[in-house]
Amino acid sequence: MDGNVNIADVTTLIDYLLSGNWPVEEMVYTVVGVQGVFGSSWDPTDENNNMVKGEGGVYTWSKTGVALYGNFEFKVVGNHDWSIYEWPVGEGNNYVAQVAEEGVYTIVITFNPEAEEADRLACTLTKTGEIEHVYTVAGTFNLFEADWDPYYEGNEIVKGEDGIYRLNKAGWFQEGTDIRFKVVQDHND
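These remarks concern the structure in this document. (Residues numbered from 1 in each chain as written. Predicted model: local features only at pLDDT ≥ 70, side-chain atom pairs only at ≥ 80, totals over all residues. Heavy atoms only, no water.)

## Describing unusual backbone geometry
Residues W87 and P88 are joined by a peptide bond in cis, for which omega reads -10 degrees. Structurally, the position occupied by P88 is in the loop between β5 (86-87) and β6 (95-97). At W148, a residue that is not glycine, the phi angle is positive and equals roughly 55 degrees. Mapped onto the elements of the fold, W148 is located in the loop between α3 (141-144) and β10 (158-159). A positive phi is found at D186, a non-glycine position, where the angle reads about 55 degrees. (Helix = DSSP H or I, 4+ residues; strand = E, 2+ residues; numbered from the N terminus.)

## Considerations on the side chain of S40
The residue S40 is located in the loop between α2 (35-38) and β2 (52-53) in this model. With relative accessibility at 11%, the residue S40 sits in the buried group. Apart from residues no more than four positions distant in its own chain, S40 is found in contact with G33, V34, Q35, D46 and N49. (Buried < 20%, exposed > 50% of the residue type's maximum accessible area, 1.4 Å probe, protein only. Contact = heavy atoms within 4.5 Å.)

## Notes on the nonpolar core
M51, F72, F74, I107, I109 and F111 are the most contacted members of the largest nonpolar core, which totals 22 residues. Once residues within four sequence positions are removed from consideration, M51 is found in contact with Y29, T30, V31, Y59, T60, W61, V76, I109, T110 and F111. (Core = buried A, V, L, I, M, F, W, Y, C linked by side-chain atoms within 4.5 Å.)

## Examining the pairing of strand β4 (residues 72-78)
Consecutive side chains of a regular strand alternate in pointing toward one face of the sheet and then the other. Summarising burial for β4: 6 of the 7 residues are buried, a large majority. Here strand β1 (residues 29-33) runs beside β4; their pairing, made up of 5 bridges, is antiparallel. In the strand pairing of β4, T30 is matched with V77. The pairing of β4 with β6 spans 3 bridges and is classified as antiparallel. (Pairing = 2+ DSSP bridges.)

## Remarks on the sheet that holds strand β8 (residues 121-129)
Spatially, β2-β3-β7-β8 is the arrangement adopted by the 4 strands of the open sheet, whose pairing is antiparallel. Each edge of the open sheet is held by one strand with a lone partner, namely β2 and β8. Examined bridge by bridge, strand β3 (residues 59-68) and strand β7 (residues 103-111) share 8 bridges and lie antiparallel to one another. Within the sheet, the bridge partner assigned to L68 lies in β7 and is G103.

## Notes on the packing of aromatic side chains
Aromatic ring pairs: the centre-centre distance and the angle between the two ring planes describe each pair. Applying the stated criterion across every chain, the model contains 11 aromatic pairs. Ring geometry for F38 against F74: centres 6.1 Å apart, planes inclined by 55 degrees, an arrangement best described as tilted. Taken together, the positions of F38 in helix α2 and F74 in strand β4 put the pair 36 residues apart, joining distant regions of the chain. Each member of the pair F38 and F74 is classed as buried. Here the aromatic rings of F72 and F74 are separated by 6.1 Å at their centres, their planes lie at 35 degrees, and the arrangement is tilted. The two residues F72 and F74 agree in class, both being buried. Cluster of aromatic residues (ring-pair linked, three or more members): F38, W61, F72, F74 and Y95. (Phe/Tyr/Trp six-rings, centres within 6.5 Å; stacked < 30°, edge-to-face > 60°.)

## As for the pattern of salt bridges
Applying the stated criterion across every chain yields a total of 5 salt bridges. Its salt-bridge partner being K127, residue E101 comes within 3.1 Å of it at the nearest N-O pair. Of the two residues, E101 sits in the loop between β6 and β7 while K127 sits in strand β8, which places them 26 residues apart along the sequence. Linked by salt bridges that have partners in common, E101, K127 and E130 make up one network. (Salt bridge = Lys/Arg side-chain N within 4 Å of Asp/Glu carboxyl O.)

## Describing the side chain of R120
With respect to the secondary-structure elements, R120 resides in the loop between β7 and β8. Despite its burial, R120 remains without a salt bridge, the nearest opposite charge being carried by E117 at 5.3 Å. A polar contact of 3.1 Å, which involves the side chain of R120, links it to the backbone oxygen of A115. Other than its neighbours up to four places away in sequence, R120 contacts Y85, W87, T110, F111, N112, P113 and A115. (Lys, Arg positive; Asp, Glu negative; His and termini not counted. Polar contact = N/O pair within 3.5 Å; in protein donor to acceptor, adjacent residues only side chain to side chain.)

Here is the structure:
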């Protein structure tokens, strides 16, 4: 058969499709979600997040060393196109992975397109380590050399062997000089 078939009526078309001769492209499933987990933000064309087909038609995606601070959402998209396949279906109907405590995790997502709806998608999280936070002092320029800049690495606080973070700054100030500051975590205000 050369791939060209003349279908005379609907019954012949149905018989042809059911025969298994019709060339069908196998679906490629891709996990999409938040950038901090998947490396791209809800991008169905990101081939780094393609799932791998295993035994029994179950697809798997995994990633190690992911810092998780709380729950995250994701979906599965077929053939890199939302309009072709999306699970769970509909905007806002994302799968929510429950993160019990912040930490570094290995994530394994499995997807079985042939399973019952309740069993189609699963996410397993295995904690492998703790997150090492960075603490920075943000404050007035007259002492901290960067006016309220939480990203200024010159003001990162060093963790001592006793587990206490300290930052030593010296300067000359006149009486009544206003020095204001706050401590921020991971350079976020």
